[in-house]
Amino acid sequence: MHAGTGLESGERWVLVLFVLSKLHPQIARRCHAQGLYSLQSREYAEAHSVFLTGLMEAPRDHLLHLGIGELASVTGHTDESFQRLQLAYDCYRCSHKSLIAMGKMFLAERRPRAALRRLDRALSSIGESDRRSGAWVPLQALAWDARITAARCAVICAEQELELVEQRQGQYDRVFSRRHLPVAMERIRIAMVAAPQDGRLHGLLGRATELLQLAEEGSGVT
């Protein structure tokens, strides 16, 4: 339904206008750029100060919160990093970077299921946009990385599920593996289009295939 008219197919287009003032400086953008430069130069105190200065001008700027989250991660302040990344996502729900960054941090904390939930959400938002002709190159790289990380999370979770099956002598239904491994395998195949000779991807796909076969055999699925 659109404007009172029933529709069965088609596309919806959204027109976005960016209004840039020639009279007022973009303080938040300048602070973000300077903060990233300081972060890359390992001037962490300077980066933190600049990011906070930008937030004084634009307290809901998701890029500034994302910058502080990255800084906190680099300096070992994991809790603050999670908080800032979540705040960045809350400020701008289209922020793929914050979800993917949280996913990677959860994976590093050995919480693959929590990581996979964030990555699934990011990839669901990206959809097929990165695979279209003329897609923005940074988006292509971001989606590629997210697909591989999500696939790794799914395989790790499936490995953990297999361990539970062995511990309980088969008295455990491997629902996760049957549900998530096919998705992971498809994501790996998509990634292999850009890197067909990457041995890591071939190994990851092989292990996912093996785990899925074990899960289907154990459940009686043919």
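Residues numbered from 1 in each chain as written. Predicted model: local features only at pLDDT ≥ 70, side-chain atom pairs only at ≥ 80, totals over all residues. Heavy atoms only, no water.

Turning our attention to the overall build of the chain. In terms of helices and strands, the chain carries nine helices and zero strands. For the chain, the N- to C-terminal ordering of α and β elements is α-α-α-α-α-α-α-α-α. The dimensions of the chain, computed from C-alpha atoms along their principal axes, are 70 × 55 × 35 Å. Residue burial in the chain is summarised as follows: out of 222 residues, 39% are buried. Contacts in the chain between residues at least 24 apart in sequence constitute 52% of all its contacts with a sequence separation of at least 6. Counting only carbon and sulfur atoms, one obtains 53% of the accessible surface of the chain, whose full area is about 14200 Å². Charge centroids of the chain, computed over 28 positive and 25 negative side chains, lie 3 Å from each other. (Helix = DSSP H or I, 4+ residues; strand = E, 2+ residues; numbered from the N terminus. Buried < 20%, exposed > 50% of the residue type's maximum accessible area, 1.4 Å probe, protein only. Contact = heavy atoms within 4.5 Å. Areas by Shrake-Rupley, 256 points an atom, 1.4 Å probe, with all protein chains shown as cover. Lys, Arg positive; Asp, Glu negative; His and termini not counted. Charge placed at Lys NZ, Arg CZ, Asp CG, Glu CD.)

The grouping of Val 14, Val 16 and Phe 18 at the surface amounts to a nonpolar patch, some 380 Å² of accessible area in total. Along the chain, the position of Val 16 falls in the segment before α1 (27-40). (Patch = residues over 30% accessible without salt bridge, like charges linked within 9 Å, V, L, I, M, F, W, Y side chains within 5 Å. Salt bridge = Lys/Arg side-chain N within 4 Å of Asp/Glu carboxyl O.)

Checked against the element boundaries, Arg 200 lands in helix α9 (residues 199-219). Residues Arg 200 and Val 14 lie 186 residues apart in sequence; the distance between their C-alpha atoms is 39 Å.

Attention now goes to unusual backbone geometry. In this structure, Arg 42 takes a positive phi of about 65° despite not being glycine. Note on Arg 42: relative accessible area 68%, which makes it exposed. Although it is not a glycine, Arg 110 adopts a positive phi angle of roughly 65°. Tracing the backbone through its elements, the reader meets Arg 110 in the loop between α5 (96-108) and α6 (112-126).

A few words now on the packing of aromatic side chains. In total, this model carries one aromatic pair according to the counting rule given. Relative to Phe 106, the ring of Phe 82 has its centre 4.6 Å away and its plane inclined at 35°; by these criteria the two rings are tilted. Of this pair, Phe 82 sits in helix α4 (residues 78-91) while Phe 106 sits in helix α5, placing them 24 residues apart in sequence. For Phe 82, a relative accessible area of 17% corresponds to the buried category. (Phe/Tyr/Trp six-rings, centres within 6.5 Å; stacked < 30°, edge-to-face > 60°.)

Here the focus is the nonpolar core. Leu 181, Ile 188 and Leu 201 are the most contacted members of the largest nonpolar core, which totals 42 residues. When residues of this core are traced back to their parent elements, those giving at least two are α4, α5, α6, α7 (137-167), α8 (175-194) and α9. The leading source of residues in this core is α7, at eleven residues. Not counting residues up to four positions away in its chain, the partners in contact with Leu 201 are Trp 144, Ile 148, Ile 188, Ala 191, Met 192 and Ala 195. One finds Leu 39, Val 50, Phe 51 and Leu 55 within the second-largest nonpolar core, a separate group that totals eleven residues. (Core = buried A, V, L, I, M, F, W, Y, C linked by side-chain atoms within 4.5 Å.)

Moving on, we get to the side chain of His 32. Within the fold, His 32 resides in helix α1. By relative accessible area, which is 15% here, His 32 ends up buried. Ignoring sequence-local partners within four residues, the contact set of His 32 consists of Phe 51, Leu 63 and Leu 64.

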